Structures are given as C-alpha cells and as structure tokens.
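Residue-level structure breakdown
As a plain string of letters, each chain reads:
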Amino acid sequence: MGVSNFSGEKGFTYEGSDLTDMDNAVNYHNWIIDNFEKYLGTNLLEVGAGIGTLTKIISQRKKDLEITCLEPSNEMYPLLKKTVDGISTDKIKYKKNFTYEISKKLAKEKFDSVIYNNVLEHVEDDVDEMRNAHDILVEGGYIITYSPAMQLLFSGFDKSIGHYRRYSLKEMKSKMEQAGFEIVEAYYMDIVGSFLWWLKFKLLGSKELGGGNLSS
C-alpha cells in the first residue's frame, strides 16, 4: 500500500470476475480502509471504482464524505450505478470516464484525496495516470494506492484479468516520485496472503480467484 503528499469509444471491456468474487469479502475491504481512512479528507475521487464495493463501505463509514467514482468499463459501470443508486445518500457521484478524458473538469472539484484500489496494475502508463491524479488534487492532497505486490508472484491469473505488473515498494515509490508526490507511507500488507497467492496461482496454476481472501 502507498500513500503520497485508464480511446476511441468511451470505456473499455473488463468483465471484472475478480471484483464480483470479492464483493462479499466485507472484512477484507474494511481492513484495507482501516489503513488509509485518516487520509480521506472530505472530498474523494475513486478511480476505477469497479462495481462499487469499496465505495459503499467507505460511504457507510464516512457519512459526510463527498465521493466521485470513475469507472470506464462498459461491463462494470452499470453495476457501479446500481450499487450507488442503492445507497441512501446524495454525496456520491459516478462518471463513465478515464481520468485523462475529464482531468480539467476534475481539477475544479477540489479533491483532497484520490484512491486507486487494485487499479494501477491495469494501467499501461501508470506514471502518467498518477500525474493526472497529481494535477487533480488540491495542494497538500493525498494519492492512496493499494496494488498487488511482488512481480515474482505474477501469474497467468494476473494476465487473464488484465494486469500489466505487480509492484515492489521500490518501483511504486519511484513512480510516485516521478509523478510529483512525496511519500508519506509505503509498506507491504498481508505476507501470509502472498504465500497463499504463490501456492494457488504460481504453484498450482489456478485461473480463478474463487472468493477467498488471497490479497497480496
């Protein structure tokens, strides 16, 4: 996890089976949020919000937080819309866009935090994406990232769900700094999960997540 001071037709194809597999893992998502909640501020941009799982939990925990969700996937966006429409609040907005498409509009929203939860590994030019986030944030704002770790764990499953890479701390910190950020916190999470991931996806060659907590 890191904390630092996605042509043509709009959207793209991403079926998101990994997201639906993990939708009911409430304790897992709450555990992730526990690590960055203090950086959320009052106005959050969630990039690649998927089906809205994290959005829903954050909104329940931070009822006064303004949230804007971006989800460019043609498959995921209707599910995100359904999730958000089912939450009884007027503090969440959603848009079917990549950040680069509407970056100038987003910069006017005065976001004091941007979160990428399991998103940057899907972005080919991740440094450019982080620069977009830097330009969108107010001065003193935070970018929050949670991404799969350790390239040695990269497997056929990663490739099948559109991952370009897994991250080392060194790589993530370097790319954050290239994008203009100052590192506040950066650390690995869930070492046990990393071993289970290696066992299931590298050793056994599984191609399905299967709904378990195998984060790394």
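This structure is a prediction, so every number in the text was calculated from the model and none was measured.

A closer look at the overall build of the chain
Helix and strand counts for the chain stand at 9 helices and 7 strands. Scored against the burial criterion, the 216 residues of the chain give a buried share of 48%. As presented, the chain carries roughly 10500 Å² of accessible surface, and 50% of it is formed by carbon and sulfur atoms.

Observations concerning the pattern of salt bridges
Here the structure, examined in full by the defined rule, presents 10 salt bridges. Lys 81 is the salt-bridge partner of Asp 85, the closest N and O atoms lying 3.1 Å from each other. Within this pair, Asp 85 and its partner Lys 81 are both found in helix 4 (residues 76–85), separated by 4 residues, close to a single helical turn. Residue classification places Asp 85 among the partly exposed residues on the basis of a relative accessible area of 46%.

Side note on the packing of aromatic side chains
Applying the stated criterion across every chain, the model contains 4 aromatic pairs. When the centroid spacing of 4.8 Å and the interplanar angle of 55° are considered together, the rings of Tyr 39 and Tyr 142 count as tilted. Of this pair, Tyr 39 sits in the loop between helix 2 (26–36) and strand 2 (43–47) while Tyr 142 sits in strand 6 (residues 137–146), placing them 103 residues apart in sequence. For Tyr 39, a relative accessible area of 10% translates into the label buried. Summarising the aromatic geometry, the rings of Phe 98 and Tyr 100 are spaced 5.5 Å apart at their centres and angled 25° between planes, so their arrangement reads as stacked. The class of Phe 98 is buried, set by a relative accessible area of 7%. Accessibility expressed as a relative area gives 40% for Tyr 100, which makes it partly exposed.

Observations concerning the pairing of strand 5 (residues 111–117)
Where burial is concerned, most of strand 5 is hidden: 7 out of the 7 residues are buried. For strand 2 and strand 5, the ladder comprises 3 bridges, and the chain directions are parallel. Residue pairing across strands places Glu 46 opposite Ile 115, the latter belonging to strand 5. Both strand 5 and strand 6 contribute to a ladder of 6 bridges, which runs parallel. Across the sheet, Ser 113 pairs through a bridge with Tyr 142, a residue of strand 6.

What about the confidence of the model for the chain?
Parts of the model with low pLDDT should not have their predicted coordinates read in detail. Residue-level pLDDT values for the chain average 85, and 77% of them are 70 or greater. Every residue in residues 5–10 scores below 50 in pLDDT, and together they form 22 contacts with partners more than four places removed in sequence or on other chains.

A word on the side chain of Thr 55
Within the secondary structure, Thr 55 sits in helix 3 (residues 53–61). When neighbours within four sequence positions are excluded, Thr 55 is seen to be in contact with Glu 46, Ala 49, Ile 67, Cys 69, Leu 80 and Ile 92.

Procedures and definitions
Residues numbered from 1 in each chain as written. Predicted model: local features only at pLDDT ≥ 70, side-chain atom pairs only at ≥ 80, totals over all residues. Heavy atoms only, no water. Helix = DSSP H or I, 4+ residues; strand = E, 2+ residues; numbered from the N terminus. Buried < 20%, exposed > 50% of the residue type's maximum accessible area, 1.4 Å probe, protein only. Areas by Shrake-Rupley, 256 points an atom, 1.4 Å probe, with all protein chains shown as cover. Salt bridge = Lys/Arg side-chain N within 4 Å of Asp/Glu carboxyl O. Phe/Tyr/Trp six-rings, centres within 6.5 Å; stacked < 30°, edge-to-face > 60°. Pairing = 2+ DSSP bridges. pLDDT = per-residue confidence, 0-100. Contact = heavy atoms within 4.5 Å.

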